[in-house]
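The lines below spell out each chain.
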Amino acid sequence: MVDFGSKPIYSVEDLRRIIDLLRSPGGCPWDAEQTHGSIRRNLLEEAYEAAEAIDTGDEALLKEELGDVLMQVVFHSDIEEKSGNFSLDDVSDGACRKLIRRHPHVFADAVARDSGEVLANWDVIKREEKQHTTTSDAMRSVAASLPALWRAEKVQDKAAKAGFDWPDLSGALEALREELGEFEAAVASEAGVEEELGDLLFSAVSAARFLNIDPEQALGAASDKFISRFSRVENAAREQGSSLGDLPQIEIENLYRQAKLEG
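My aim in this report is to walk through the structure given alongside it, one point at a time. (Residues numbered from 1 in each chain as written. Predicted model: local features only at pLDDT ≥ 70, side-chain atom pairs only at ≥ 80, totals over all residues. Heavy atoms only, no water.)

In this section: helix H4 (residues 59–82). The end-to-end C-alpha distance of H4, which contains 24 residues, comes to 34 Å, matching closely the 34 Å that a straight helix rising 1.5 Å per residue would cover. Turning to H4, its buried residues number three or more, namely Glu65, Asp68, Gln72, Val74, Phe75, His76, Ser77, Asp78, Ile79 and Glu80. In this structure, the buried residues of H4 make contact with helix H1 (12–22), helix H2 (29–33), helix H3 (40–56) and helix H5 (88–102). Two to three positions downstream of the cap, the backbone nitrogen of Ala60 sits 3.3 Å from a side-chain oxygen, assigning the N-cap of H4 to Asp58. Gly84, located one to two residues past H4, shows a positive phi value of around 80 degrees. (Helix = DSSP H or I, 4+ residues; strand = E, 2+ residues; numbered from the N terminus. Expected span 1.5 Å × (residues − 1). Buried < 20%, exposed > 50% of the residue type's maximum accessible area, 1.4 Å probe, protein only. Contact = heavy atoms within 4.5 Å. Polar contact = N/O pair within 3.5 Å; in protein donor to acceptor, adjacent residues only side chain to side chain.)

Further remarks concern the packing of H3 against H4. Closest axis-to-axis distance for the H3/H4 pair is 8 Å, and the angle between their directions is 160 degrees. Classified by the angle their axes make, H3 and H4 are roughly antiparallel. Crossing hand, H3 versus H4: left-handed. Taking contact as the criterion, the partners of Asn42, Leu43, Glu46, Ala47, Glu49, Ala50, Ala53 and Ile54 in H3 are, on H4, Leu61, Leu62, Glu65, Leu66, Asp68, Val69, Gln72 and His76. A class-by-class count of the residues in the contact of H3 with H4 yields nine nonpolar, three polar and four charged. (Axes fitted to C-alpha atoms, helices over the stretch in contact; angles between N-to-C directions. Parallel < 35°, antiparallel > 145°, perpendicular 65-115°, else oblique. Left-handed = near helix turned anticlockwise from the far one by under 90°. Nonpolar A, V, L, I, M, F, W, Y, C, P; charged D, E, K, R; others polar.)

Laid out in structure tokens, this is it:
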């Protein structure tokens, strides 16, 4: 048994030591066996749970979930430290240096009169750091592991900054209508359906950009709305003494229309 001792409040350094003890000989066999790959999903799940705490405005939950995210950072850093590559201090050092470099209006003599100039300067510095010589380089650097709608949005933003964009929303909407027609034609011909669906979704993201709408958030809200309406349909069927599978399609459609009218 490890006698870690009780404290009124534990620090980040305590968390670091706990992870080290868990992954050291005599610690926890499960923790010691983990790799970056085996706990990759954990990091993503904890980040999304922290995001949900932000969305719900639950401060107590946010504190807990941020702790879980921090634990993942410390865990991954410990894997590398035990491999002799880098430590949590190295991770922190890199983050500090990046923040100092990318805020020359705070830590050097650059000028940024508003947040727009801050972001413009940030993009320039980032491209220099990553040695991106073209916009295509910058697009390829967008993480492929991002949710697809967010990745599409970031790629389109980079194209727009290079001058490749519709002049206004009408162009984006016209492209969306064209892609819908191409998708319908693909479905009819049973050829290239997945590709055309991707193009349709990509165009929908373009329209969302012009409206300053987060496409992930919009789709999430649509899913929530569908669940609410489906629940009304399911309850209505149950009140009739039936399940959805027992009802004819026309009756299900009528119940769904009624659910839409209710909100």
